[in-house]
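A look at the structure
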Amino acid sequence: MSVTTAFGQETAHKNVQTGIIAMLGAAAMLGLGFAAVPLYDLFCRVTGFAGTTQIATQAEANAAASLGTTREISIRFDASLARDMPWEFAPSQSTDTVRIGQRDIATYVARNYTDEPITGTATFNVEPWQAGAYFNKIQCFCFTEQTLQPGQEVTMPVLYYIDPAILEDDTIADIEQITLSYTFHRAKEPVVTGLDRSKSPSDAS
């Protein structure tokens, strides 16, 4: 075998190795890309980063209430809609004063003024964003998608409390008001397959 042929084979072998490494790197980056979303969401929920609120159990709410703090704080409620969301959406009241550690209920009212069922999903945050680590929701309409029939109006509750640990955080202990904001987006419509479209009323019975 000539030197030229050997050199060519070695070069081809290196090219194959380089190609495999590049493919593995691309696959790894793709995997990290998919993992980044749930990891970022988990990070936000644990730390309250970007105003992400927390989810609490009834037991955790009872423990917070048992601390017996007397400090009160104002909560302002905000509502908005994405451009493609044909609803009316607003808080039942603009502000409320609550005792830190005590459960309270806020309600929002939504109305579908179209002639078709619309499913929406709500995103949320609080301001200042540091308060997200201490704003705990026990129940919330934002936990699941909401479907409103044509012309239907619903009142949607949020059961929440402010963690007394906020009083020990020097960066936010003196805060006087927290703003809770929701934005409703139109959920993606379910995909209807050819099989589903071919069903007649008699097939469904």
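Let me begin by describing the structure that accompanies this report.

About the cut-offs
Residues numbered from 1 in each chain as written. Predicted model: local features only at pLDDT ≥ 70, side-chain atom pairs only at ≥ 80, totals over all residues. Heavy atoms only, no water. Helix = DSSP H or I, 4+ residues; strand = E, 2+ residues; numbered from the N terminus. Buried < 20%, exposed > 50% of the residue type's maximum accessible area, 1.4 Å probe, protein only. Contact = heavy atoms within 4.5 Å. Phe/Tyr/Trp six-rings, centres within 6.5 Å; stacked < 30°, edge-to-face > 60°. Lys NZ or Arg CZ within 6 Å of the ring centre and 35° of its normal. Core = buried A, V, L, I, M, F, W, Y, C linked by side-chain atoms within 4.5 Å. Salt bridge = Lys/Arg side-chain N within 4 Å of Asp/Glu carboxyl O. Pairing = 2+ DSSP bridges. Axes fitted to C-alpha atoms, helices over the stretch in contact; angles between N-to-C directions.

**Topic: the environment of alanine 122**
Among the structural elements, alanine 122 can be located in strand β6 (residues 118-127). Given the relative accessible area of 7%, alanine 122 is considered buried. In the structure, alanine 122 is positioned 65 residues away from alanine 187 in sequence and 9.3 Å away in space, judged by C-alpha atoms. Contact partners of alanine 122, with chain neighbours within four places excluded, come to Phe141, Cys142, Tyr182, Thr183 and Phe184.

**Details of the packing of aromatic side chains**
Within a pair of aromatic rings, the relevant descriptors are the distance that separates the centres and the angle that separates the planes. Summed over all chains, the structure comprises eleven aromatic pairs. Between tryptophan 87 and phenylalanine 184 the ring centres are 5.0 Å apart and the planes differ by 55°, which places this aromatic pair in the tilted class. With a gap of 97 residues between them, tryptophan 87 in strand β3 (residues 87-91) and phenylalanine 184 in strand β10 (residues 177-186) connect regions that are remote in the sequence. Under the relative-accessibility criterion, tryptophan 87 is labelled buried at 2%. A residue is classified by how much of its surface remains accessible, and phenylalanine 184, at 0% relative accessible area, is buried. A ring pair is formed by phenylalanine 89 and phenylalanine 141, whose centres lie 6.3 Å apart and whose planes are at 80°; its orientation type is edge-to-face. Placement of phenylalanine 89 in strand β3 and of phenylalanine 141 in the loop between β7 (135-140) and β8 (146-148) is noted, with a sequence separation of 52 residues between them. The pair phenylalanine 89 / phenylalanine 141 is uniform in exposure class, with both members buried. Every member of this aromatic cluster is reached through a ring pair, and the members are Phe77, Trp87, Phe89, Tyr108, Phe124, Phe141, Tyr182 and Phe184. One cation-aromatic arrangement involves lysine 137 over phenylalanine 124; the distance from NZ or CZ to the ring centre is 3.6 Å.

**What to know about unusual backbone geometry**
Put simply, glutamate 127 and proline 128 share a cis peptide bond, and its omega is -5°. By secondary structure assignment, the location of proline 128 is in the loop between β6 and β7.

**A look at the nonpolar core**
If you look at the biggest cluster of nonpolar residues, it comprises 34 residues, and the most contacted ones within it are Ile75, Phe141, Ile178 and Tyr182. Listing elements by their share of this core, those giving two or more residues are β2 (72-81), β3, β5 (104-112), β6, β7, β9 (153-162) and β10. When residues in this core are grouped by element, the largest group, five residues, is from β9. Among all residues touching isoleucine 75, those that are not within four sequence positions of it are Ser94, Thr95, Asp96, Val98, Phe135, Tyr160, Ile162 and Ile178. In terms of nonpolar packing, the next biggest core, distinct from the first, is built from six residues, Ala61, Ala64, Ile138 and Tyr161 among them.

**Things to note about the pattern of salt bridges**
Going through the model one piece at a time under the given rule, you end up with one salt bridge. Glutamate 116 serves as the salt-bridge partner of arginine 186, at 3.5 Å between the closest nitrogen and oxygen. One end of the pair, arginine 186, is in strand β10; the other, glutamate 116, is in the loop between β5 and β6, with 70 residues separating them in the sequence. Residue classification places arginine 186 among the partly exposed positions, given a relative accessible area of 27%. Here glutamate 116 falls in the partly exposed class, since its relative accessible area comes to 35%.

**Here's the deal with the sheet that holds β8**
An order of β4-β2-β10-β6-β8 is seen for the five strands of this open sheet, with the pairing classed as mixed. Because the sheet does not close on itself, it has two edges, and the strands there are β4 (95-99) and β8. Strand-to-strand twist of the sheet, defined as the mean angle between neighbouring strand axes without regard to direction, takes the value 35°. Where β2 and β10 come together, eight bridges link them in parallel fashion. Note on β10: the bridge partner recorded for alanine 79 is tyrosine 182.

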